[in-house]
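# Geometric and topological summary
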Amino acid sequence: MSLFDGIPFFVGLDPTRGEQLARQCVRRRYAEHELVLDFDDPSTDVYFIVSGDVRVLIRTAAGKEMIFGDFGPGKFFGEMAAVDGAKRSANVTALTNAELLLVPPVVFKEILFSEPEICERLLRLLTARVRELNTRLFERSVLDLKHRLRARIHISE
């Protein structure tokens, strides 16, 4: 059984190759409310949620927070740092006891470059994020508060 088994992102990964690459990865457990990573952290691993839930948020220097999202099993975060090597742009905290698979950037990129189906999966995810951000930016730039709230409620339904 591979460390990648049961994680939807890795469906289609060649099992033999997966076994070789899994040797460079590690599963780590986090306690409820434990900090997984913080804003400006220089690490570049990609984190795949095996079990439990995490919260990703952005905090300003003034202490204001914006929740980016709560993620559960099968989801992942940290792919941007793995791709561009930049410091972390958000804080991630375990909401519950969680087990995460940490995939080094070299392994993550090796999988992306050798598995077109998995690469396309990531490209679709990133494209969806850009489209959502474009919509939110448009709403914030053009709509007043009342209409922005209406648009958010409409999208959520």
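Everything discussed here concerns the structure shown above.
Worth saying up front: this structure is predicted, and the values here are computed from it rather than measured.

### Side note on the packing of aromatic side chains
Within a pair of aromatic rings, the relevant descriptors are the distance that separates the centres and the angle that separates the planes. On inspection of all chains with the given rule, the structure shows 9 aromatic pairs. Plain terms: the ring middles of Phe48 and Phe108 are 6.4 Å apart, the flat faces sit at 45° to each other, and that makes the pair tilted. Of this pair, Phe48 sits in strand E3 (residues 46-51) while Phe108 is found in helix H3 (residues 105-114), placing the two residues 60 residues apart along the sequence. One aromatic cluster in this structure is built from Phe4, Phe9, Phe10, Phe48, Phe76 and Phe108.

### Quick look at the sheet that holds strand E2 (residues 35-37)
Strands pair in a sheet through their backbones, by hydrogen bonds, and they do so in one of two ways: parallel or antiparallel. As summarised here, the arrangement of the 4 strands in space is E2-E7-E4-E5, forming an open sheet in which the pairing is antiparallel. Each having just a single partner strand, E2 and strand E5 (65-71) make up the two edges of the open sheet. Neighbour-to-neighbour, the strand axes of the sheet open up by a mean angle of 30°, direction not taken into account. Sheet topology places strand E4 (residues 54-59) next to strand E7 (residues 91-94); 4 bridges connect them, and they run antiparallel. Within the sheet, the bridge partner assigned to Val54 lies in E7 and is Ala94.

### Points about unusual backbone geometry
The phi torsion at His33 lies on the positive side, around 70°, for a residue other than glycine. The residue His33 is located in the loop between strand E1 (26-30) and E2 in this model. The phi torsion at Asp40 lies on the positive side, around 75°, for a residue other than glycine. Within the secondary structure, Asp40 sits in the loop between E2 and E3.

### Thoughts on the layout of surface pockets
Size it by volume and the largest pocket reaches roughly 490 Å³. As for the largest pocket, its lining consists of 23 residues, of which Phe68, Met80, Ser89, Ala90 and Arg129 are closest to the centre. Taken together, the elements giving at least two residues each to the lining of the largest pocket come down to E4, E5, strand E6 (76-77), helix H2 (79-84) and helix H4 (116-142). By residue class, the composition of the lining of the largest pocket is 16 nonpolar, 2 polar and 5 charged. Within this model, the second largest pocket holds a volume of roughly 400 Å³. Along its surface, the second largest pocket is lined by 16 residues, and Phe71, Lys75, Phe76, Leu125 and Arg129 are the ones closest to its centre.

Calculation notes
Residues numbered from 1 in each chain as written. Predicted model: local features only at pLDDT ≥ 70, side-chain atom pairs only at ≥ 80, totals over all residues. Heavy atoms only, no water. Phe/Tyr/Trp six-rings, centres within 6.5 Å; stacked < 30°, edge-to-face > 60°. Helix = DSSP H or I, 4+ residues; strand = E, 2+ residues; numbered from the N terminus. Pairing = 2+ DSSP bridges. Axes fitted to C-alpha atoms, helices over the stretch in contact; angles between N-to-C directions. 1 Å grid on protein atoms, 1.4 Å probe; cavity = no way out; pocket = protein on both sides within 12 Å on 5 of 7 lines; lining within 4 Å. Points joined across faces, edges and corners; volume = space filled by probe spheres on them. Nonpolar A, V, L, I, M, F, W, Y, C, P; charged D, E, K, R; others polar.

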